[in-house]
Amino acid sequence: MITPTLLPYGDAGLLLEVADTAEVVVLADACRAADLPGVLDVVPAARTVLLVLVPGTDLGSVRRAVAGLEVRTGPAGAAPAGSVEIPVVYDGEDIAEVARLTGLSEPEVVAAHTGRPWRVAFGGFAPGFAYLTGGDPRLAVARRAEARTSVPAGSVGLAGEFSGVYPRSSPGGWQLIGRTDAVLWDLARDPPALLTPGAEVRFVVEGR
Amino acid sequence: MRALEVLSTGPQALVQDLGRPGHAASGVGRSGAADRAALWLGNRLVANPEGAAGIEIVLGGFAVRAAALLTVALTGAAAPATVDGRPVGHHAVILLRRGQELRLGTPPAGLRTYLAVRGGIEVPPVLGSRSTDVLSGIGPAPLAKGDELPVGPEPEAFPLVDVAPVAPPPAGAVTLRVVAGPRDEHAADPRGLAGVAWTASSRTDRVGMRLEGGTLAVPDGAGSLPSEGIGRGAVQLPPGGAPVVFLADHPVTGGYPVIAVVLDADTDRAAQVRPGQPVRFRYVGGVS
């Protein structure tokens, strides 16, 4: 049973804090499914879920509704909402640095990244960018000391407990291990984001 | 054809409606009019549905020519306005005949003027909204000279009032009401925002209002968090101690602590604060 801590967020929001990102995924799903009063948006993040409310919504009623949610994590967490395979060429500029930081060889970094499925935990940073969680814990590395001013679209990176793919060229500080041709964001597609909340993501070596 | 031709834009002119809530998990923010109350008022004056798109104009300098008989209204910052050289009122219903030109000077106070058009600006919506999000680049491009803006058909409702007795944005200090938290413990003085006479910095835009005039001390070990959702009105405290008030095009998530959140209604007033204008904060409670 997940019991979030409720934190104030002005007069039109409520911040729910839980223990880890796995609980966030389950709690955000439950909040979307529960049809809570006055909720405009559900914003999952690393340890929290922000409920953005219609102005004038009675915060007490939202607090009571959240307290009444029965949110449980099964042995494997929530069932994934869809599955996406992303082919990657593992020739990123930082792959040697990631190997050094993790104590793995470069082939072992690739094996770890492709060896188990990731999950879409939350978005942010840019449309279509997904923070992926649940990967091999040996791949946890700090961001680069200095961000790059331009990271190409399709770059596959690591930062902290997360992996992610840059939807478009942008500045960025993640450790880059590879690149993909997958289109992460396409407004002509419904939904535009390739990686949607709760989806399972499998990285595979391109051409195999 | 019901349309407006853009003759000049001033520093920035954007199509805005009430935004596209519900896409944060895909990294898309709500966006929408920076001063929603002003857009609402304009739409009410021309009897539009509240979600109709209008034009958000920063510091005047904007001009359009009507391609048909159109009913419009100006709200928000009270930019002096003329139709074919004849002064017209603010917060008032204005008729533009075909070929007539509406021109805006620089408002004496406030930052953003709204032009509501009966029928609404009907550029193609993106994810359910015609708002331009300057942070993510989603939505119509910023307006440029020569743009033809299609205007929708007249709604069934008719304008009921000619003038709305609403005060335009003030020139002096603006006080914003805030609720402490969710991360006020990340400031050495959790209520420190109220103790500084802040000034809106020149680095202020639709994403956020950066404040100068002081800094808030950040205790050792505080100052950074795993990414958290950001809402409109969030007052974020970066490690340098100079707070940022997030406005309409705020990022979806961020890793610096939010020490207080501006009351929703006051975020509209914050969006009218000019660079260099004094800003104060007043804590309010009882919204638990």
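Residues numbered from 1 in each chain as written. Chains lettered and ligands numbered in written order. Predicted model: local features only at pLDDT ≥ 70, side-chain atom pairs only at ≥ 80, totals over all residues. Heavy atoms only, no water.

### Things to note about the interface of chain B and chain A
Alright, step 1. Taken residue by residue, the interface counts 35 residues in chain B and 39 residues in chain A.
Alright, step 2. Here chain B packs against chain A, burying approximately 2700 Å² in sum over the two surfaces, 63% of which is carbon and sulfur.
Alright, step 3. When the buried surface of chain B facing chain A is broken down by residue, Ala25, Ser26 and Pro182 of chain B rank first, second and third, together holding 19% of it.
Alright, step 4. At the boundary of chain B and chain A, one finds one salt bridge.
Alright, step 5. With a closest N to O distance of 2.9 Å, arginine 183 of chain B and glutamate 17 of chain A form a salt bridge.
Alright, step 6. At the surface where chain B touches chain A, the tally comes to eleven residue pairs in polar contact (both at pLDDT 80 or more).
Alright, step 7. Residue assignment for the side of chain B that touches chain A shows that the elements contributing at least two residues are β12 (174–180), β15 (228–229) and β19 (258–262) of chain B. (Contact = heavy atoms within 4.5 Å. Buried area = accessible area lost by both parts, 1.4 Å probe. Salt bridge = Lys/Arg side-chain N within 4 Å of Asp/Glu carboxyl O. Polar contact = N/O pair within 3.5 Å; in protein donor to acceptor, adjacent residues only side chain to side chain. Helix = DSSP H or I, 4+ residues; strand = E, 2+ residues; numbered from the N terminus.)

### Examining the domain arrangement of chain A
All names here are of chain A.
Alright, step 1. Once the domains are mapped, chain A shows domain 1 (5–67) and domain 2 (83–205).
Alright, step 2. Distance between the C-alpha centres of domain 1 and domain 2: 27 Å.
Alright, step 3. Across the boundary between the two partners, domain 1 contributes seven residues, which contact nine residues of domain 2.
Alright, step 4. Of the roughly 580 Å² buried at the junction of domain 1 and domain 2 (both faces included), carbon and sulfur atoms supply 63%.
Alright, step 5. It is Thr21, Val25 and Pro44 that lose the most area in domain 1 upon contact with domain 2, and together they represent 59% of the buried surface on that side.
Alright, step 6. Across the contact surface, domain 1 and domain 2 share one salt bridge.
Alright, step 7. Here glutamate 161 makes a salt bridge to arginine 47, at a shortest N to O gap of 3.2 Å.
Alright, step 8. On the surface where domain 1 and domain 2 come into contact, there are two residue pairs in polar contact (both at pLDDT 80 or more).
Alright, step 9. Among the elements that take part in the side of domain 1 that touches domain 2, helix α1 (residues 21–34) stands out by supplying three residues, more than any other.
Alright, step 10. When the residues that make up the side of domain 1 that touches domain 2 are grouped by side-chain class, the tally is four nonpolar, one polar and two charged. (Domains from an automatic or database assignment. Nonpolar A, V, L, I, M, F, W, Y, C, P; charged D, E, K, R; others polar.)

### What to know about the pattern of salt bridges
Alright, step 1. What the rule picks out here adds up to 26 salt bridges over all chains.
Alright, step 2. Among the ionic pairs, arginine 65 of chain B bridges to glutamate 101 of chain B, the shortest N-O distance being 3.1 Å. Placement of the pair is arginine 65 of chain B in strand β4 (residues 62–66) and glutamate 101 of chain B in strand β9 (residues 101–104), with a sequence separation of 36 residues.
Alright, step 3. Connected through shared salt-bridge partners, Glu93, Asp94, Arg144 and Arg148 of chain A make up one network.

### Some words on the domain arrangement of chain B
Residues and elements named next belong to chain B.
Alright, step 1. Per the domain assignment, the segments making up chain B are domain 1 (3–150) and domain 2 (174–285).
Alright, step 2. Each partner contributes residues to the interface: domain 1 has 30 residues there, and domain 2 has 17 residues.
Alright, step 3. For the pair domain 1 and domain 2, the summed buried area comes to about 1700 Å², and 45% of that belongs to carbon and sulfur atoms.
Alright, step 4. At the boundary of domain 1 and domain 2, one finds three salt bridges.
Alright, step 5. Arginine 36 serves as the salt-bridge partner of aspartate 268, at 3.1 Å between the closest nitrogen and oxygen.
Alright, step 6. Counting across the interface, domain 1 meets domain 2 through 19 residue pairs in polar contact (both at pLDDT 80 or more).
Alright, step 7. Among the secondary structure elements, those contributing two or more residues to the side of domain 1 that touches domain 2 are β2 (12–16), α1 (36–45) and β10 (112–117).
Alright, step 8. Looking at which element gives the most residues to the side of domain 1 that touches domain 2, the answer is β2, with three residues.
Alright, step 9. Looking at the side of domain 1 that touches domain 2 residue by residue, the class counts come to 15 nonpolar, nine polar and six charged.

### What about α1 of chain A?
Residues and elements named next belong to chain A.
Alright, step 1. The end-to-end C-alpha separation of α1 is 20 Å, in line with the 20 Å expected for 14 residues at 1.5 Å each.
Alright, step 2. Looking at α1, one finds that the buried residues are Thr21, Val24, Val25, Val26, Leu27, Ala28 and Cys31.
Alright, step 3. Its side-chain oxygen 3.3 Å from the backbone nitrogen of alanine 22, aspartate 20 forms the N-cap of α1. (Expected span 1.5 Å × (residues − 1). Buried < 20%, exposed > 50% of the residue type's maximum accessible area, 1.4 Å probe, protein only.)

### Observations regarding the pairing of strand β3 (residues 54–58) of chain B
Residues in a regular strand project their side chains so that they alternate between the two faces of the sheet.
All names here are of chain B.
Alright, step 1. With respect to burial, β3 is a largely interior element, five of its five residues being buried.
Alright, step 2. Bridge analysis of β2 against β3 gives five bridges, and the strand direction is antiparallel. Its bridge partner lying in β3, alanine 13 is registered against isoleucine 57. (Pairing = 2+ DSSP bridges.)

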